[in-house]
Amino acid sequence: MITIKSKREIEIMKKSGRLVAETHALIKSLIEPGIAMEILDQEAENFIRKNDGVPLFKGYRGFPSTICASLNEEIVHGIPDKRKLKEGDILSVDIGVKYRGYVGDSAWTYPVGQISKEAQQLLKICEESLYCGIEAAIPGNKVSVISAAVQKHAEKYGYGIVREYTGHGIGTELHEDPQIPNYVDDSWRSHDDTRLKKGFCIAIEPMLNIGTHKTKVKRRKGWEVVLTKDNSLSAHFEHSVAILEDGPFILTKIDD
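Residues numbered from 1 in each chain as written. Predicted model: local features only at pLDDT ≥ 70, side-chain atom pairs only at ≥ 80, totals over all residues. Heavy atoms only, no water.

### Digging into the overall build of the chain
Each helix and strand counted, the chain has 4 helices and 15 strands in total. Computed over C-alpha atoms, the radius of gyration of the chain comes to 17 Å, within 12% of the 18 Å expected from 2.2 N^0.38 for 256 residues, which places it in the range of a compact globule. In terms of its C-alpha atoms, the chain occupies a principal-axis envelope of roughly 45 × 40 × 35 Å. By sequence separation, contacts in the chain at least 24 residues apart represent 71% of the contacts at least 6 residues apart. When the accessible surface of the chain is totalled, it reaches about 11,600 Å², and 49% of it is carbon and sulfur. For the chain, the separation between the mean place of its 35 positive charges and that of its 37 negative charges on side chains is 1 Å. (Helix = DSSP H or I, 4+ residues; strand = E, 2+ residues; numbered from the N terminus. Rg over C-alpha atoms; globule rule 2.2 N^0.38 Å. Contact = heavy atoms within 4.5 Å. Areas by Shrake-Rupley, 256 points an atom, 1.4 Å probe, with all protein chains shown as cover. Lys, Arg positive; Asp, Glu negative; His and termini not counted. Charge placed at Lys NZ, Arg CZ, Asp CG, Glu CD.)

### Observations regarding the side chain of D89
Mapped onto the secondary structure, D89 falls in the loop between β3 (74-76) and β4 (90-99). For D89, the side chain forms a polar contact with the main-chain nitrogen of K86, separated by 2.7 Å. Discounting residues that sit within four places of it in the chain, D89 has contacts with L71, N72, Y110, P111, V112 and I115. (Polar contact = N/O pair within 3.5 Å; in protein donor to acceptor, adjacent residues only side chain to side chain.)

### Notes on the packing of helix α3 (residues 117-135) against helix α4 (residues 143-156)
Here α3 crosses α4 at 155 degrees, and the two axes come no closer than 8 Å. In terms of orientation, α3 lies roughly antiparallel with respect to α4. Seen along the crossing, α3 lies across α4 with a hand that is right-handed. Contacts between α3 and α4 involve I125, E128, S129, C132 and G133 on the former and, on the latter, I146, A149, V150, H153 and A154. Residues belonging to the contact of α3 with α4 are distributed by class as follows: 6 nonpolar, 3 polar and 1 charged. (Axes fitted to C-alpha atoms, helices over the stretch in contact; angles between N-to-C directions. Parallel < 35°, antiparallel > 145°, perpendicular 65-115°, else oblique. Left-handed = near helix turned anticlockwise from the far one by under 90°. Nonpolar A, V, L, I, M, F, W, Y, C, P; charged D, E, K, R; others polar.)

### Looking at the nonpolar core
L85 and L91 are the most contacted members of the largest nonpolar core, which totals 67 residues. In terms of residues, this core owes the most to one element, α3, which gives 7 residues. Each residue touching L91, except ones within four places of it in the same chain, is listed here: I31, M37, L40, A69, S70, L71, L85, W108, T109 and Y110. Of all hydrophobic cores here, the second largest spans 5 residues; its members include I75, V76, M207 and V226. (Core = buried A, V, L, I, M, F, W, Y, C linked by side-chain atoms within 4.5 Å. Buried < 20%, exposed > 50% of the residue type's maximum accessible area, 1.4 Å probe, protein only.)

### A few points about the pattern of salt bridges
Should their charged atoms come close, side chains of opposite charge can pair. Scanning all chains against the criterion turns up 14 salt bridges. Two residues, E11 and K14, come together in a salt bridge whose shortest N-O distance is 3.0 Å. Here the residue E11 and the residue K14 both occupy positions in helix α1 (residues 7-30), the gap between them amounting to 3 residues, near one helical turn. With its nearest N and O atoms 2.8 Å apart, the salt bridge here joins E74 to R220. Here E74 is found in strand β3, whereas its partner R220 is found in strand β11 (residues 215-220), with 146 residues between them in sequence. The exposure class assigned to E74 is buried, which follows from its relative accessible area of 1%. On the basis of relative accessible area, R220 is assigned to the buried category, the value being 15%. Residues participating in the shared-partner salt-bridge network are E74, D81, R83 and R220. (Salt bridge = Lys/Arg side-chain N within 4 Å of Asp/Glu carboxyl O.)

Spelled out as structure tokens, the structure:
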């Protein structure tokens, strides 16, 4: 069931989203060669709790950490552990926060020091694909319009679009209806293709691979970490967005 958020609820979600964005800013400032991912996780948890938020991922279906930290060929659900970042790595960081009962969720892929031109291009196009999807998130459009916008931009550059994991509705829970895939194909059915309405809140999150779109799973600390099947690099960008009368509003940002 899709819930319509009131103006009051969206105002709270702006605050939870801002806390997510501020946590990302902190993580970005800390990322450098030699830092252990578990330090990033500890700093994120401390910051979120200090600002009256709840780290949403920690304990979610048994996930052991505050952030998802997916390194290089890891797509999602990466666990921040003692591994130290190296020059040339890319790190996808997914952060979820609950504040006053409402969720903020955003992911970003960060370079570690100087990265290859190939990696730079992947990050650039994945971020652009996210904003293509956001631009399509207007009242009256169907979910497939968002999906097609992401797909068109990503495939123009030959990237593999991860299919098993999608964007989603967001509100008092991390994963609400509707699902927001990053592609459109013959598997779509009319009953899956929701028309967007004012008051919907959704998370749009393209995940792009340099190589194949296919994935594999590796067990780590009792959790399924998802990797590219061919061990190619992967990027992940995500914003939480409210559908307003005059168009999309990005919730997971720091106001100017």
